[in-house]
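Structural overview for review
These are the residues of each chain, in order.
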Amino acid sequence: MSTPSLLILPGDGIGPEVMAEVRKIVDWFGAKRDLTFDVSEDLVGGAAYDAHGTPLHDDTMARAQDVDAVLLGAVGGPKYDALDFSLKPERGLLRLRKEMDLFANLRPAQCFDALSHFSSLKQEVVAGLDIMIVRELTSGVYFGEPRGIFEEGNERVGINTQRYTESEIDRVARSAFELAMKRDKKLCSMEKANVMESGILWREVVTRVGQDYPEVELSHMYADAGAMQLTRWPKQFDVIVTDNLFGDLLSDLAAMLTGSLGMLPSASLGAPMSNGRPKALYEPVHGSAPDIAGQGKANPIACILSFAMALRYSFDQGDEAARVEKAVEAVLADGVRTADLLGEDGTVPVSTSEMGDAIVAKLDASL
Ligand code: NAD
Ligand code: IPM
Ligand code: MN
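The structure presented is a predicted model; accordingly, all values stated were derived computationally and were not measured.

So, on to the overall build of the protein chain. Scanning the protein chain from N- to C-terminus turns up 12 helices and 12 strands. For the protein chain, the C-alpha radius of gyration of 20 Å lies close to 21 Å, the compact-globule estimate for 367 residues. Across the 367 residues of the protein chain, 46% fall into the buried class. In the protein chain, the share of contacts with a sequence separation of at least 24, taken over all contacts with a separation of at least 6, comes to 74%.

With that out of the way, let us pick up the site of ligand 2. Ligand 2 sits among Gly76, Glu90, Leu93, Leu94, Asp248, Val285 and Gly287. For the shell around ligand 2, the leading source of residues is helix α4 (residues 89–99), giving three residues. Of the residues that constitute the shell around ligand 2, the class distribution is three nonpolar, two polar and two charged.

The subject of this paragraph is the sheet that holds strand β12 (residues 278–282). Strand pairing in a sheet is mediated by backbone hydrogen bonds. Such pairs are either parallel or antiparallel. With mixed pairing, the 10 strands of this open sheet are ordered in space as β2-β1-β3-β12-β11-β4-β5-β10-β8-β9. The open sheet has two free edges, formed respectively by β2 (38–41) and β9 (217–222), since each of these has just one partner strand. For this sheet, the mean angle separating the axes of adjacent strands, direction not counted, is 20°. Bridging between strand β8 (residues 186–191) and β9 involves six bridges; their strand directions are parallel. The residue bridging Met190 from the neighbouring strand is Met221, located in β9. Against the sheet, helix α6 (residues 166–182) touches β4 (104–110), β5 (130–136), β8 and β10 (239–242), its axis set at about 165° to β5. Where helix α10 (residues 301–313) meets the sheet, it contacts β3 (69–74), β11 (267–272) and β12, and its direction lies at approximately 170° from that of β12.

Turning to the UniProt feature "domain: Isopropylmalate dehydrogenase-like" (unreviewed entry) in the protein chain, a few remarks are in order. Within this numbering scheme, the UniProt entry marks residues 5–359 as carrying the feature "domain: Isopropylmalate dehydrogenase-like" (unreviewed entry). Structurally, residues 5–359 is divided into 40% helix and 21% strand, and its ends, taken at the C-alpha atoms, are 23 Å apart.

Around ligand 1, 22 residues are found, and the nearest of them are Gly76, Gly262, His286, Gly287 and Asn299. Grouping the constituent residues of the shell around ligand 1 by class yields 11 nonpolar, seven polar and four charged.

Okay, the packing of helix α8 (residues 223–232) against helix α9 (residues 244–257) next. For the pair α8 and α9, interaxial distance at closest approach is 10 Å and the crossing angle is 10°. On the basis of the axis angle, α8 is roughly parallel to α9. Of the residues in α9, those touching α8 at Ala223, Gly226, Ala227 and Leu230 are Phe246, Leu250, Leu253 and Ala254. Residue composition of the contact of α8 with α9, grouped by class: seven nonpolar, one polar and no charged.

The complete set of buried residues in α8 reads Ala223, Gly226 and Leu230. Buried residues of α8, seen end-on, are gathered within an arc of 40° and therefore sit on one face of the element. The outward face of α8, more than 90 degrees from its buried face, is lined by the exposed residues Met228 and Arg232.

Take the domain arrangement of the protein chain next. On domain assignment, one finds that the protein chain holds domain 1 (1–107 + 264–367) and domain 2 (130–257). The interface of domain 1 with domain 2 comprises 13 residues on the first partner and 18 residues on the second. Sorting elements by how many residues they give to the side of domain 1 that touches domain 2 places β4 first, with four residues. Of the residues contributing to the side of domain 1 that touches domain 2, the split by class is seven nonpolar, two polar and four charged.

It is worth spelling out the UniProt feature "site: Important for catalysis" (unreviewed entry) in the protein chain at this point. In this numbering, the UniProt entry assigns the feature "site: Important for catalysis" (unreviewed entry) to Tyr142 and Lys192. Filtering out sequence-adjacent residues up to four positions away, Tyr142 remains in contact with Leu94, Asn244 and Leu245. By the element assignment, Lys192 lies in the loop between β8 and α7 (197–210). Overall, the presence of 20 C-beta atoms within 10 Å leaves Lys192 in the buried class.

Our next topic: unusual backbone geometry. Residue Pro146 follows Glu145 across a cis peptide bond; omega there is 0°. If you trace the backbone, Pro146 turns up in strand β6 (residues 144–152). A positive phi angle, close to 55°, is found at Asp34, a residue other than glycine. Inspection of the secondary structure assignment puts Asp34 in the loop between α1 (15–32) and β2. Look at Asp34 and you get exposed, because 7 C-beta atoms sit within 10 Å. Backbone geometry places Lys185, a non-glycine residue, at a positive phi of 60°. Note that Lys185 resides in the loop between α6 and β8.

Packing of helix α11 (residues 318–333) against helix α12 (residues 352–365) leaves a shortest axis separation of 8 Å and a crossing angle of 120°. With respect to α12, the axis of α11 lies oblique. The crossing of α11 and α12 is right-handed. For the pair α11 and α12, the contacting residues are Arg323, Ala327, Val328, Ala330 and Val331 in the first and Ala358, Ile359, Lys362 and Leu363 in the second.

What counts and how
Residues numbered from 1 in each chain as written. Chains lettered and ligands numbered in written order. Predicted model: local features only at pLDDT ≥ 70, side-chain atom pairs only at ≥ 80, totals over all residues. Helix = DSSP H or I, 4+ residues; strand = E, 2+ residues; numbered from the N terminus. Rg over C-alpha atoms; globule rule 2.2 N^0.38 Å. Buried ≥ 20, exposed ≤ 12 C-beta atoms within 10 Å, placed from the backbone. Contact = placed C-beta atoms within 7 Å. Near = placed C-beta within 6 Å. Nonpolar A, V, L, I, M, F, W, Y, C, P; charged D, E, K, R; others polar. Pairing = 2+ DSSP bridges. Axes fitted to C-alpha atoms, helices over the stretch in contact; angles between N-to-C directions. UniProt positions renumbered as here; feature names shortened; annotations may be inferred. Parallel < 35°, antiparallel > 145°, perpendicular 65-115°, else oblique. Arc of directions from axis to C-beta. Domains from an automatic or database assignment. Left-handed = near helix turned anticlockwise from the far one by under 90°.

In structure tokens:
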């Protein structure tokens, strides 16, 4: 196989800080496992706007289409709040997702044993938690037309449209069923079929796809009740499939079950490319965290675990992905903590870079 290509887009705020730690892991694989990547780096979000006046240059878009996988840090920040909507950093990320057609966003929420006491929920509620949220990522209210702010009589109206075609629901449902087949064979689909026609269609199509997966136990839940159940007893779930907006909200909620938003990775997958691998972009669930950017406080684990997902889903290196995940687990078991993983117990937090180094040391120890 030729050297796999990886495009790194650090982005804004803590994005470059956490990505610097991922680079250490990528370099480690080259040096110690003979697993070398053809790494290139480019700008996205506010950083791209500052350099080019656009949150995603066409050349960067073309490179993203061309590589085996993209790894993204985070975009956005208060500096860009006043920009025209079309130029905002977030538009760059949304363009990547849309043009690469990354319709299935896998957001696993796993509670590491060493952190089970740290969640804002009771330890017995989260200990051992391992769920996977599959969020539809390229349609729904994020992209539906009509959209915009319009004049209506003597006032303005803001419009976004929730829209799903049967084929859009079908393909993300299939991704979720396939994942469920490899896990505990339980899938819960969340929508609001009680108030939204798109929800009625969603439920109908997911049920139909389910006929192709008779071994998977399928259930349906209204998304508001789903949010309640995720905090009441999250271990009732294995895989959850839901739309773009509900998936955004529910995955931030799930992040806090694991202790910190700084822990949650994600993989955004599209259709298979000519080499059989899915088009893919990997990114932490968290954002650019302007409140802590530039202070060396960010937790790099979500981004490092996103690279582990790349090893698994883009590069067929499931064992090496597990090696990274075990290294993270071992570091946490040693009590190494960035500030987001600490209460008021007086433990001194490590910096972003020290956390990266500790994980590399555990990788060394795994050989
Ligand atoms: P955020 O995720 O950036 O931050 C929410 C809170 O979590 C903050 O208190 C932050 O300090 C903390 N946090 C997040 N990641 C952390 C980490 N790795 N380590 C330690 N603490 C962490 O969400 P926000 O404040 O609502 O948004 C800030 C900006 O990021 C906005 O411009 C938003 O649009 C953008 N955003 C981007 C992405 C992305 O690029 N994928 C995702 C979410 C938000
Ligand atoms: C996420 C973020 C993005 C979203 C923003 C930054 C466009 O919140 O990836 O969860 O809303 O999808
Ligand atoms: Mn979000």
